[in-house]
Amino acid sequence: MSSTVNLHKKYLLLAHSLAKKKFGNTFPNPSVGCVLVKNNKIIAQASTGKNGRPHAEEIVLKKAGNKSIGSTLYVTLEPCNHKSEHGSCTDQIIQSRIKKIFIAKVDLDPRTKYKSIKKLKKNGIKINVGITSYKTDLLNKFFFNSLINKRPFIKVKMAISQDEKIAWKDYSSKWISNNKSRNYAHKLRAQSQAILTTSKTIIKDNPRFTIRNKNKIIKYMPVIIIDKNLKISLNTYLIKSLTKRRIIIFTSQSNRKFNKLKSLGCEIFLLKEHKNTNEFYLPLIMKKILSLNINNILVESGGIFFTKLLLCNLIDEFHIFKSSLKIGQSGKPMIINKKFKDLSLEEISKKKFGKDVYQQLIIKK
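Since the structure is predicted, the reported quantities are computational estimates derived from the model, not experimental observations.

Chemist: Would you explain the overall build of the protein chain in this entry?
Modeler: If you tally the helices and strands in the protein chain, you get 12 helices and 18 strands. At 23 Å, the protein chain has a C-alpha radius of gyration in line with the 21 Å of a compact globule built from 365 residues. Projected onto its principal axes, the C-alpha coordinates of the protein chain cover approximately 70 × 45 × 40 Å. Here the protein chain holds 365 residues, and 49% of them are scored as buried. Sequence separation of at least 24 residues holds for 69% of the intrachain contacts in the protein chain that already meet a minimum separation of 6. Side chains of the protein chain carry 72 positive and 23 negative charges; the gap between the two charge centres is 5 Å.

Shown next, in the form of structure tokens:
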């Protein structure tokens, strides 16, 4: 690799590191990093703003002002071609008189895909695409997958025993994984836009679904609840913390509790059950969730719901914490009528937290 290519890669990698630091704060938008260079000196750098606005390019151009004339821009994703408060990033780049752009990856959003690149070229700006596309793919896979699949990116987090159980027969176990594993699980929450769960999990565990650091609450996670018969109590921790978070409920019951939850501030949707199964059609729910601008979900539930998601091919990634503990045959299984080890999975990463083993896995294509 030539020294010139190495230099361009260096600036792109810096842009990627900026994007990575912001990941988790830009949903539903991807996290993008941007570096502006002139005469081999960095004149401005930025990443996507909170909740996706302003875009990284907008921030950089504002910082640079007239210094952007004749400069080179390094950005981790194709600049947007759709309207924003001050015009598209593409239009702003053209107006800034930047002479060259290195783009890590083409944006799959149909509003932008190759359109920006063509427009920038048409306006005399030199374009290079793809040097570090794998980095953008890895960080923002949730965004690209949601565009391709027309549903949110769905991750399942589960703590299991050595014999693949999630609880004792009477649900008496509170924790299967150790403290180090649970701390890492909070990082997984921080890298997600919302938690998806069921009324059964809420009734059994009364979870807080917060992001905590040393027992200090950093964030109240938005929560999506599948509650067909509207069984959750108004006294649960989640409902009591409603003013601090977004709560979305899918139910088939239109009754007094439905109206009460709605008046408290829940986003509550009435669905029909499938006439043959008396169950909700989960792909339809996922499509609705995406329409609510949620495209990165962490599922925290029991084995029954996990199995339903598997049967509907609605899982993109598994995050499994396996302890050395054995529960025995009477314990609650992580999957109904199947062994996790029998699934065709590919390991993406593996870590040890004390005696616990953590695996990040995907289903083999």
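Having seen the structure, we can now continue with the description.
Chemist: So what exactly am I meant to see when it comes to the side chain of Q360 here?
Modeler: In this structure, Q360 sits in strand β18 (residues 356-363). Looking at Q360, the relative accessible area reads 12%, which means it is buried. Within polar-contact distance, the side chain of Q360 engages the side chain of E317 at 3.3 Å. Within the structure, the side chain of Q360 is placed 2.9 Å from the side chain of S349, a separation counted as a polar contact. Contacts of Q360, omitting those with residues within four sequence positions, involve K141, E317, F318, H319, E346, E347, I348 and S349.

Chemist: Mind showing me how you'd approach the pairing of strand β5 (residues 126-129) here?
Modeler: Two elements, strand β4 (residues 100-103) and β5, share 4 bridges in a ladder whose sense is parallel. Directly across from F102, in β5, lies its bridge partner N128. For the crossover that starts at β4, traverses helix α4 (residues 115-122) and ends in the parallel β5, the hand is right-handed.

Chemist: What exactly am I supposed to notice about the sheet that holds strand β6 (residues 153-160) here?
Modeler: Strand order in the open sheet formed by 9 strands is β13-β12-β11-β8-β14-β6-β15-β18-β17, and the pairing between neighbours is mixed. Each edge of the open sheet is held by one strand with a lone partner, namely β13 (267-270) and β17 (345-353). On average, each strand axis in the sheet is inclined to that of its neighbour by 20 degrees, with strand direction left out of account. Alignment of strand β12 (residues 247-251) against β13, held across 4 bridges, turns out to be parallel. Within β13, the residue paired with I248 across the bridge is E267. Lying over the sheet, helix α10 (residues 256-264) contacts β12 and β13, oriented at roughly 145 degrees with respect to β13. Across the sheet, helix α12 (residues 303-311) is in contact with β6, β8 (194-198), β11 (223-226), β14 (296-299), β15 (317-322) and β18; its angle to β6 comes to roughly 140 degrees.

Chemist: What is the right way to look at helix α11 (residues 282-291) in this model?
Modeler: One turn of an α-helix holds 3.6 residues; hence residues three or four places apart share an orientation. Along α11, the residues classified as buried are L282, I285, M286 and I289. Buried positions in α11, seen along its axis, are confined to an arc of 100 degrees and lie on one side of it. Check the buried side of α11 and you find it contacts β6, β8, β11, β12, β14 and α12.

Chemist: Can you help me understand the packing of helix α2 (residues 56-64) against helix α3 (residues 89-96) in this one?
Modeler: Think of two packed helices as two axes; the pair is described by the angle between the axes and how far apart they sit. Axis separation between α2 and α3 bottoms out at 9 Å; the angle between their running directions is 25 degrees. It follows from the interaxial angle that α2 and α3 lie roughly parallel. Helix-helix and strand crossings are classified by hand; for α2 and α3 the assignment is left-handed. Where α2 approaches α3, its residues E57, E58 and L61 are matched on the opposing element by C89, Q92, I93 and S96. Counted by class, the contact of α2 with α3 contains 3 nonpolar, 2 polar and 2 charged residues.

Chemist: Quick question: what am I supposed to make of unusual backbone geometry here?
Modeler: In terms of backbone geometry, most residues other than glycine have negative phi values and most peptide bonds are trans. Here the bond from F27 into P28 is cis, since omega is 5 degrees, no more than 30 degrees from zero. When you line up the elements, P28 lands in the loop between α1 (3-22) and β1 (33-38). At the junction of R53 and P54, the peptide bond is cis and its omega measures out at -10 degrees in the coordinates. For N337, which is not a glycine, the phi torsion comes out positive at approximately 60 degrees. Position of N337 among the secondary structure elements: in the loop between β16 (332-333) and β17. Taking the relative accessible area as the measure of exposure, N337 reaches 80% and is therefore exposed.

Chemist: Explain the pattern of salt bridges here, please?
Modeler: Opposite charge on two side chains permits pairing when their charged atoms draw close. For the structure shown, the criterion picks out 9 salt bridges. Between K141 and E317 there is a salt bridge whose closest N-O contact spans 2.7 Å. With K141 in helix α6 (residues 141-149) and E317 in strand β15, the pair connects residues that are 176 residues apart, well separated along the chain. Given the relative accessible area of 22%, K141 is considered partly exposed. Judged by its relative accessible area of 4%, E317 is buried. Where E300 meets R189, a salt bridge forms, and the shortest distance between an N and an O atom there is 2.8 Å. Of this pair, E300 sits in the loop between β14 and α12 while R189 sits in helix α7 (residues 179-190), and the two are 111 residues apart along the sequence. One exposure class covers both E300 and R189, and it is buried.

Chemist: Can you help me understand the packing of aromatic side chains in this one?
Modeler: The relation between two aromatic rings is expressed through the spacing of the ring centres and the mutual angle of the planes. A full pass over the atoms with the stated rule returns 16 aromatic pairs. Seen from their ring centres, F23 and F142 are 5.8 Å apart, and the 70 degrees between their planes marks the pair as edge-to-face. Of this pair, F23 sits in the loop between α1 and β1 while F142 is found in helix α6, placing the two residues 119 residues apart along the sequence. The pair formed by F23 and F142 is uniform in burial state, with each residue classed as buried. Judged by centre distance (5.9 Å) and plane angle (70 degrees), the ring pair of F306 and F318 falls under edge-to-face. Residue F306 is found in helix α12, and its partner F318 is found in strand β15; the two are separated by 12 residues along the sequence. The burial state of F306 is the same as that of F318; both residues are buried. Each residue in the set F23, F27, F142, F143 and F144 is aromatic and connected to the rest through ring pairs, giving one cluster. Of note, K105 hangs over the ring of F144, and the distance from its end group to the ring centre comes to 4.9 Å.

Rules and cut-offs
- Residues numbered from 1 in each chain as written.
- Predicted model: local features only at pLDDT ≥ 70, side-chain atom pairs only at ≥ 80, totals over all residues.
- Heavy atoms only, no water.
- Helix = DSSP H or I, 4+ residues; strand = E, 2+ residues; numbered from the N terminus.
- Rg over C-alpha atoms; globule rule 2.2 N^0.38 Å.
- Buried < 20%, exposed > 50% of the residue type's maximum accessible area, 1.4 Å probe, protein only.
- Contact = heavy atoms within 4.5 Å.
- Lys, Arg positive; Asp, Glu negative; His and termini not counted.
- Charge placed at Lys NZ, Arg CZ, Asp CG, Glu CD.
- Polar contact = N/O pair within 3.5 Å; in protein donor to acceptor, adjacent residues only side chain to side chain.
- Pairing = 2+ DSSP bridges.
- Right-handed = clockwise from strand over helix to strand, strands pointing away.
- Axes fitted to C-alpha atoms, helices over the stretch in contact; angles between N-to-C directions.
- Arc of directions from axis to C-beta.
- Parallel < 35°, antiparallel > 145°, perpendicular 65-115°, else oblique.
- Left-handed = near helix turned anticlockwise from the far one by under 90°.
- Nonpolar A, V, L, I, M, F, W, Y, C, P; charged D, E, K, R; others polar.
- Salt bridge = Lys/Arg side-chain N within 4 Å of Asp/Glu carboxyl O.
- Phe/Tyr/Trp six-rings, centres within 6.5 Å; stacked < 30°, edge-to-face > 60°.
- Lys NZ or Arg CZ within 6 Å of the ring centre and 35° of its normal.

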